[in-house]
Amino acid sequence: MEVILLQDTRLLGRRGEVVRVKPGYARNYLLPQGIALTKTRANLAFFEQQRKKIDAVHAKERDEAAAIAAQLASIKVVIAKRVGESETLYGSVTVAEVAEVLARKGVTVDKRKIDLGVTHGLKTLGDHKVAIDLHPEVVAEVTVSVVAAEEG
């Protein structure tokens, strides 16, 4: 099934592209979420007519994401975790914990946009660079410091 993307999608393509996807993916996710339109002559004409409005909304979202990225650049996240005798963590630091600390500092970020890398959690003490995908064109980076929790 061919669809017209209404917004940039990480694994599919850029806004305005016509891409081929499986019918169930289009019917159950892309179309109901407003991410794509079915490729028809009428929808192609509609998209071209609406392109300026869509571009303006896209630019506004990008500018808002850039403002949040600038705010995040000055924030250092410190998370205290219990450690064992050999300085290993009990458990790991998760995206939910990073999002919670950022929310307490006044920046609300969707936890699904926080990328801890392939590890699915920070498992060592020290400073870690964490990417936050705010927009397809804007990625912020935050330093997360994992420190040993005070006993007692």
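Our subject is the structure that appears above.
Computed from a predicted model, the values in this text were never measured in an experiment.

Asks: Lay out helix 3 (residues 95-104) in plain terms, naming residues and giving numbers.
Replies: Taken residue by residue, helix 3 has Val98, Ala99, Val101 and Leu102 as its buried positions. The buried residues of helix 3 occupy an angular sector of 160° when the element is viewed end-on, so they sit on one face. Buried residues belonging to helix 3 abut helix 2 (41-73), strand 4 (76-81), strand 5 (114-115), strand 6 (126-135) and strand 7 (138-148). Just past helix 3, the residue glycine 106 takes up positive phi, approximately 100°.

Asks: Tell me about the pairing of strand 1 (residues 2-5), residues and numbers included.
Replies: On any regular strand, side chains alternate: one points to one face of the sheet, the next to the other face. One ladder, built from 3 bridges, connects strand 1 with strand 2 (residues 18-20); its direction is antiparallel. Bridge assignment links isoleucine 4 to a residue of strand 2, and that residue is valine 18. Inspection of the sheet shows strand 1 paired to strand 3 (residues 36-38) by 3 bridges, in the antiparallel sense. Looking across to strand 3, one finds that valine 3 is bridged to threonine 38.

About the cut-offs
- Residues numbered from 1 in each chain as written.
- Predicted model: local features only at pLDDT ≥ 70, side-chain atom pairs only at ≥ 80, totals over all residues.
- Heavy atoms only, no water.
- Buried < 20%, exposed > 50% of the residue type's maximum accessible area, 1.4 Å probe, protein only.
- Helix = DSSP H or I, 4+ residues; strand = E, 2+ residues; numbered from the N terminus.
- Arc of directions from axis to C-beta.
- Contact = heavy atoms within 4.5 Å.
- Pairing = 2+ DSSP bridges.

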